Amino acid sequence: MRAAVLEATIAELTENGYAALTVERVAQRAGVHKTTIYRNWKDSDRLVADALATHFAGDIPIPDTGAVESDLRALARSLIATMTTQAGRALLATVLSDAVRIPQLAEVKHTLFNDRFRRAEPVVTRAIERGELPPDTDPTELLKTLAAPIYFRLVFTGEPVDEGTADRAVRVALAAAHARALAA
């Protein structure tokens, strides 16, 4: 039941957006009664927060190609692939529009990003161990620098994001790290 409700919530967010989401439509899509949803989630905000956290908390592939540049390229391309899906766009729209107003969504956003950085940290740590990056490189700062140009296009300018965007983001992140601008 839980999986069906969370999947239905993501589908509703994707198709209709956060503002149009109703517990009734989620219940109908999931094949449960709305009282079942209210028994498990206090309100629709908590339901949406749980659905987003569950959907995007899955394992992300952590590349280990033996070279930091190709590892970061794989991470950047994976980010683009995820965030340009309907569910990725729904996540962006939801957390950007209502995260300030709804504490549960702000917490989900914070948790999702921290989890992503923590999972991807070994890419940077291995590069430091191989001598490809300065030893004082802060893994989280490097990953934020990698993601920033991608999110800037997705959120602010609406410019297309593609493999070229990913490759440029990698070059920027590596240049900043080598200039010691991302020291811990």
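A. The overall build of the protein, seen in detail. When its secondary structure is counted, the protein shows nine helices and zero strands. For the protein, the α and β elements follow one another from N to C terminus as α-α-α-α-α-α-α-α-α. The buried share among the 184 residues of the protein stands at 42%. Summed over its atoms, the accessible surface of the protein is roughly 9400 Å², and 54% of this surface lies on carbon and sulfur atoms. Between the centroid of the 22 positive side chains of the protein and the centroid of its 24 negative side chains there is a distance of 4 Å.

B. View of the side chain of Thr-145. With respect to the helices and strands, the residue Thr-145 is situated in helix α8 (residues 139-157). With a relative accessible area of 18%, Thr-145 lands in the buried category. Among the polar contacts made by the side chain of Thr-145, one reaches the main-chain carbonyl oxygen of Glu-141 at a distance of 2.8 Å.

C. Up close: the pattern of salt bridges. Taken as a whole, this structure holds 18 salt bridges when the rule is applied. Notably, a salt bridge pairs Asp-64 with Arg-126, separated by 3.3 Å at the nearest N-O pair. Remark: Arg-126 occurs in helix α7 (residues 103-129) and Asp-64 occurs in the loop between α4 (44-56) and α5 (68-83); sequence separation between them is 62 residues. Asp-167 serves as the salt-bridge partner of Arg-73, at 3.2 Å between the closest nitrogen and oxygen. Residue Arg-73 is located in helix α5, and its partner Asp-167 is located in helix α9 (residues 163-178); the two are separated by 94 residues in the primary sequence. On the basis of relative accessible area, Arg-73 is assigned to the partly exposed category, the value being 23%. Look at the salt bridges and you will find they share partners, linking Glu-69, Arg-73, Arg-77, Glu-163 and Asp-167 into a network.

D. Highlighting the nonpolar core. One finds Leu-13, Ile-37, Leu-52, Leu-72, Leu-133, Leu-142 and Leu-146 to be the most contacted residues of the largest nonpolar core, which totals 56 residues. Looking at this core, the elements with two or more residues in it are α1 (2-16), α2 (23-30), α4, α5, α6 (86-98), α7, α8 and α9. In terms of residue count, the dominant contributor to this core is α7 (eight residues). Contact partners of Leu-146, with chain neighbours within four places excluded, come to Leu-72, Leu-75, Ala-76, Ala-169, Val-170 and Ala-173.

Parameters and conventions
Residues numbered from 1 in each chain as written. Predicted model: local features only at pLDDT ≥ 70, side-chain atom pairs only at ≥ 80, totals over all residues. Heavy atoms only, no water. Helix = DSSP H or I, 4+ residues; strand = E, 2+ residues; numbered from the N terminus. Buried < 20%, exposed > 50% of the residue type's maximum accessible area, 1.4 Å probe, protein only. Areas by Shrake-Rupley, 256 points an atom, 1.4 Å probe, with all protein chains shown as cover. Lys, Arg positive; Asp, Glu negative; His and termini not counted. Charge placed at Lys NZ, Arg CZ, Asp CG, Glu CD. Polar contact = N/O pair within 3.5 Å; in protein donor to acceptor, adjacent residues only side chain to side chain. Salt bridge = Lys/Arg side-chain N within 4 Å of Asp/Glu carboxyl O. Core = buried A, V, L, I, M, F, W, Y, C linked by side-chain atoms within 4.5 Å. Contact = heavy atoms within 4.5 Å.

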